[in-house]
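Secondary and tertiary structure notes
If you want the building blocks of each chain, they are given just below.
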Amino acid sequence: MIEDDLRAAFVRHEPLTPSTGPLRAAIDRLARRRRQLRRRWQAGGTALAVLGVLGIGVPLFTPESAGPPQAAGLTGASDRPVAAGAVNVLLVGIDNRGSVPPLADSVLLLHIPSDRSRPYLVSLPRDLKVPINGHDTDKLNAAFPLGAGHSPPDLTKGYELTRQTVATLTGVRIDTGVVLTYSALRTLTNEVGGVPVCLPERVQSAHTQRVFPAACQRLDGAAAVDLLRQRYGLPDGSQGRDRNARIFAAGLVRSASDQGVLTNPVRLAKLLGAVGPDLAVSPGEATMLDLMRLVPTLRSVDPVGLSLPVGEPTGSSHFVQADPKLAPEFLAALREDRLGDWVARHPGQVSPTR
Amino acid sequence: MTYEEFADTRLAPLLRYAVMLTGDPHQAQDLVQETMVRVQLNWRRVARADSPERYVRRMLTNQYVDWRRGSWVRRVLLRGEPDSTVPVTTDHAQSAVDRDEIWSWLSRLPRRQRAALVLRYYEDLPDVEIADILGCAVGTVRSSISRALATLRAEYVEA
């Protein structure tokens, strides 16, 4: 009898159903907007990958033993064959102003599969709860200062502890890595004569009170660093900053390529020579030259943006935990060079539009 | 089948289903909108399913069941688009509906239980299909339906 009442109640409420016409138009509109966002993100991803490649090029000119930049290194002969198999490069972006040990603002893995189809950019959330070798469990971004120490911070050691932490977490072999700092960014920006950006929203710096209008403008090195440090006060906090960083990275690459820097070895050498002292790089097993030579072998330089699958932030310190089901699958795919396959099965995981 | 063909025939039934799930035309629209945007963006995958219709119904049901703060509700609320798409329903049928007790009791049920009731008593689906849509065992479907009915019966006694 209650079953009949239920059936009747459902049927009685059918007239509540709105008409589908406007809804269908709204669906189409929203789908179009998300497609645009996705494309824009891909453009930003390309820029990041090129930045990574710029970083990869650096050690050629700033070997641990120092010495002046040598353009010959880029074009010149190497006895070693181009690396075979998959290649993983760890990119760590840090905030190294002042004497405090710097935190890692962003930790990325650039993965180049053995079929050389296209690069994958895997971001590892900086709030991820991880065991850190020789220390307590902490956020991933704490590994850098714990390794670098205080007086004065040693970027190489900070990188090394971050590398160990990421290697333990992911089980992935890391071939080489690079640390990008704000001062490197400042030098790079000035070397290319400023970077054009078009900001969607006005940003006021909490550090210098400088105002960046919601418009197109050209940033010099100091302004670029100021803008990229802003996180508080942006509508979506660190997501807003990531967005500005993508806009900036795209502008930087545009500036560099407009001037032929990316294709002219001598200019590139000069640029990287200028930035070099601010970049700390770990000598990996593969030489940087080997990695540089990979770039032309890629069928596409358009990277696939991925993120380690995680759950919602928990507790007052906002730790995030790896997703117990998806993360192990994802990491296995990364280790076994099956990311293309994994992406095909989990298209929803591509690009952080969640 | 193309996305357009799918939407031509299936959008209205999905919207009715969403109204039964949420009990509210606005929320139903948001639920269907969010689901169908994802359907459109991933149409190739949806079209590969044995039954695209059931696949989408499962997407929509999951979306409804996983409805927690921070998921689609927040996106929907923050979207800030005008509600011009919602027809105003202020006729007599509507006010009668507002006095409808069983309808308001339904809103207090856990979402999975409500979804199970809608699938059995509105969509008239067999328990096997309900289990497939909810992603659980047939036994679980039966027990959640009987629990839901027990709750409703208790309300009857009180009322």
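What you are looking at is a predicted structure, and each value in this text was computed from that prediction instead of being measured. (Residues numbered from 1 in each chain as written. Chains lettered and ligands numbered in written order. Predicted model: local features only at pLDDT ≥ 70, side-chain atom pairs only at ≥ 80, totals over all residues.)

This brings us to the overall build of chain B. Across its full length, chain B holds 10 helices and 0 strands. For chain B, the succession of helices and strands along the chain, N to C, is α-α-α-α-α-α-α-α-α-α. Taken across its 159 residues, chain B has 29% of its residues classed as buried. A sequence separation of at least 24 residues applies to 62% of the contacts in chain B between residues at least 6 apart. (Helix = DSSP H or I, 4+ residues; strand = E, 2+ residues; numbered from the N terminus. Buried ≥ 20, exposed ≤ 12 C-beta atoms within 10 Å, placed from the backbone. Contact = placed C-beta atoms within 7 Å.)

Turning our eyes to something else, we now look at the overall build of chain A. Along the backbone of chain A there are 12 helices and 12 strands. Taken across its 354 residues, chain A has 40% of its residues classed as buried. In chain A, the share of contacts with a sequence separation of at least 24, taken over all contacts with a separation of at least 6, comes to 68%.

Let us now look at the interface of chain A and chain B. Taken together, the contact pairs 27 residues of chain A with 34 residues of chain B. Broken down by secondary-structure element, the contributors of at least two residues to the side of chain A that touches chain B are helix 1 (2-12) and helix 2 (20-57) of chain A. With 10 residues, the top contributor of residues to the side of chain A that touches chain B is helix 2 of chain A. Split into classes, the residues belonging to the side of chain A that touches chain B amount to 14 nonpolar, 4 polar and 9 charged. (Nonpolar A, V, L, I, M, F, W, Y, C, P; charged D, E, K, R; others polar.)

Residues and elements named next belong to chain B. The contact between helix 4 (residues 52-65) and helix 8 (residues 111-121) brings their axes to 9 Å, and the two run at 145°. Relative to helix 8, helix 4 is oriented so that their crossing is right-handed. On the side of helix 4, the interface is formed by Thr-61, Tyr-64 and Val-65, while helix 8 contributes Arg-111, Arg-112 and Ala-115. Classifying every residue of the contact of helix 4 with helix 8 by side-chain character gives 3 nonpolar, 1 polar and 2 charged. (Axes fitted to C-alpha atoms, helices over the stretch in contact; angles between N-to-C directions. Left-handed = near helix turned anticlockwise from the far one by under 90°.)

Here we take up the packing of helix 8 of chain B against helix 10 (residues 138-158) of chain B. Residues and elements named next belong to chain B. For the pair helix 8 and helix 10, the least separation of the axes is 9 Å and the interaxial angle reads 100°. With respect to helix 10, the element helix 8 is oriented roughly perpendicular. Together, Arg-112, Gln-113, Ala-116, Leu-117 and Arg-120 of helix 8 and Val-141, Ser-144, Ile-145, Arg-147 and Ala-148 of helix 10 make up the contact between the two elements. Considering only residue class, the contact of helix 8 with helix 10 consists of 5 nonpolar, 2 polar and 3 charged. (Parallel < 35°, antiparallel > 145°, perpendicular 65-115°, else oblique.)

Residues and elements named next belong to chain A. With respect to the element layout, Val-197 can be found in strand 7 (residues 195-198). On the basis of neighbour count, Val-197 is assigned to the buried category, with 22 C-beta atoms found within 10 Å. C-alpha separation for the pair Val-197 and Ala-224, spaced 27 residues apart in sequence, amounts to 9.6 Å.

Glancing now at the nonpolar core. One finds Val-92, Val-122, Leu-124, Ala-224 and Phe-248 of chain A to be the most contacted residues of the largest nonpolar core, which totals 55 residues. Counting residues in each nonpolar core, the second largest holds 35 residues, with Ala-26 and Ile-27 of chain A together with Leu-41 and Ala-115 of chain B among its members. (Core = buried A, V, L, I, M, F, W, Y, C linked by C-beta atoms within 7 Å.)

Turning our attention to helix 8 of chain B. Residues three or four positions apart in an α-helix share a direction because the helix packs 3.6 residues into each turn. With 8 of its 11 residues buried, helix 8 of chain B lies for the most part within the structure. Restricting attention to buried positions, one finds in helix 8 of chain B the residues Arg-114, Ala-115, Ala-116, Leu-117, Val-118, Leu-119, Arg-120 and Tyr-121 of chain B.

The next point concerns the confidence of the model for chain A. All names here are of chain A. Residues with a pLDDT of 70 or more make up 62% of chain A, whose mean pLDDT is 72. Ignoring residues within four places in sequence, the model shows residues 42-47, a span with pLDDT below 50, making 16 contacts including any to other chains. Note on residues 54-82: pLDDT is under 50 here. Beyond four places in sequence and across chains, it has 55 contacts. (pLDDT = per-residue confidence, 0-100.)

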